[in-house]
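Next come the chains, spelled out residue by residue.
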Amino acid sequence: MATVSVKDLVLNFGAVKVLRDLNLNIPTGEFLVLLGASGSGKSTLLNCIAGLLDVTDGQIFIDDKNVTWSEPKDRGIGMVFQSYALYPQMTVKGNLSFGLKNAKLPKAEIEKRIERAASVLQIEPLLDRKPSALSGGQRQRVAIGRALVRDVDVFLFDEPLSNLDAKLRADLRVEIKRLHQRLKNTMIYVTHDQVEAMTLADRIAVMSQGIILQLDTPNVIYNRPANKYVAGFIGSPE
Ligand code: ADP
Ligand code: MG
């Protein structure tokens, strides 16, 4: 379990200022949604937390450890992207165990973790299949499973459901919520979808142009939006 803190974070791509002095504190076990229009800097912020991008300035802490310059693998995080990026030549089980074998985990421990993840995500019958024999929703479950087996403290999701049709999206939303209630990990979930944000989040950070406009519970954001932009984006009543 872990807190995540971002202090005075700045990220420039050349002359383009993408994140502008951003601060964020996420307590242990919180489901935080980063909500904003395309281009607002959500993925950039997530990638900085994951260690996939070097920050221009500022610091990132996981628990009390300054991880600003730590390798992604040393941060205790698992990440799920919009595209599933499964290894096509491997079975589901192979995809789930790949990272664990590399980490030289004992075989019995690997088996135990795969069993648990498969049970939570209801993919037990699929373990021997190749990704090409799975539906989009099943593939995304396997992608979530790959983060799950790593036993991480913090999950990062970048629009994991946006490639799926509406019905599957709604189903998986419920499953992700259930997963959080069961694991109680810290989760940071990026989406541009207001409904997804409202149903999943303990708190929502509404982003625009590299800053957080408002950070609060779905209820407060909806009923007491900080400004016209937030009201319009969330669809609050006039
Ligand atoms: P979001 O995930 O909210 O859609 P991003 O974090 O992907 O937004 O992008 C934020 C801004 O940063 C956008 O204006 C985008 O064009 C710019 N950007 C993202 N990645 C790069 C990059 N590698 N080089 C230059 N600009 C980038
Ligand atoms: Mg993005």
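What counts and how
- Residues numbered from 1 in each chain as written.
- Chains lettered and ligands numbered in written order.
- Predicted model: local features only at pLDDT ≥ 70, side-chain atom pairs only at ≥ 80, totals over all residues.
- Helix = DSSP H or I, 4+ residues; strand = E, 2+ residues; numbered from the N terminus.
- Rg over C-alpha atoms; globule rule 2.2 N^0.38 Å.
- Buried ≥ 20, exposed ≤ 12 C-beta atoms within 10 Å, placed from the backbone.
- Contact = placed C-beta atoms within 7 Å.
- UniProt positions renumbered as here; feature names shortened; annotations may be inferred.
- pLDDT = per-residue confidence, 0-100.
- Pairing = 2+ DSSP bridges.
- Near = placed C-beta within 6 Å.
- Nonpolar A, V, L, I, M, F, W, Y, C, P; charged D, E, K, R; others polar.

Remarks on the overall build of the protein
When you go through the protein residue by residue, the secondary structure sums to 8 helices and 10 strands. At 18 Å, the protein has a C-alpha radius of gyration in line with the 18 Å of a compact globule built from 238 residues. Based on the C-alpha atoms only, the size of the protein along its principal axes is roughly 50 × 40 × 30 Å. When each of the 238 residues of the protein is scored for burial, the buried share is 39%. Taking contacts inside the protein between residues at least 6 apart in sequence as the whole, the part at least 24 apart equals 65%.

Some details on the UniProt feature "domain: ABC transporter" (unreviewed entry) in the protein
In the numbering used here, UniProt assigns the "domain: ABC transporter" (unreviewed entry) feature to residues 4-234. The span residues 4-234 shows a helical share of 37% and a strand share of 27%, and its end C-alpha atoms are spaced 25 Å apart.

Focus on the confidence of the model for the protein
Counting all residues, the mean pLDDT for the protein is 93, and 99% of those residues have values of 70 or more. Predicted complex metrics record ipTM = 0.97 and pTM = 0.92.

Considerations on the pairing of strand 3 (residues 31-36)
Burial of strand 3 is extensive: 6 of the 6 residues sit out of reach of the surface. By the alternation rule, side chains of strand 3 split into Phe31, Val33 and Leu35 and Leu32, Leu34 and Gly36, which are all buried. The pairing of strand 3 with strand 9 (residues 203-208) spans 5 bridges and is classified as parallel. Counterpart to leucine 32 in the pairing with strand 9 is arginine 203.

Regarding the site of ligand 1
All residues in the neighbourhood of ligand 1 are listed as Phe13, Val16, Val18, Gly36, Ser38, Gly39, Ser40, Gly41, Lys42, Ser43 and Thr44. Per-element tally for the shell around ligand 1: the top contributor is helix 1 (residues 42-50), with 3 residues. Of the residues belonging to the shell around ligand 1, the class tally is 3 nonpolar, 7 polar and 1 charged.

Here's the deal with the environment of serine 5
Relative to the helices and strands, serine 5 is located in strand 1 (residues 4-13). Sequence-wise, serine 5 and isoleucine 49 are 44 residues apart; in three dimensions their C-alpha atoms are separated by 9.1 Å. In this structure, serine 5 is in contact with Asn25 and Phe61, ignoring residues within four places of it in sequence.

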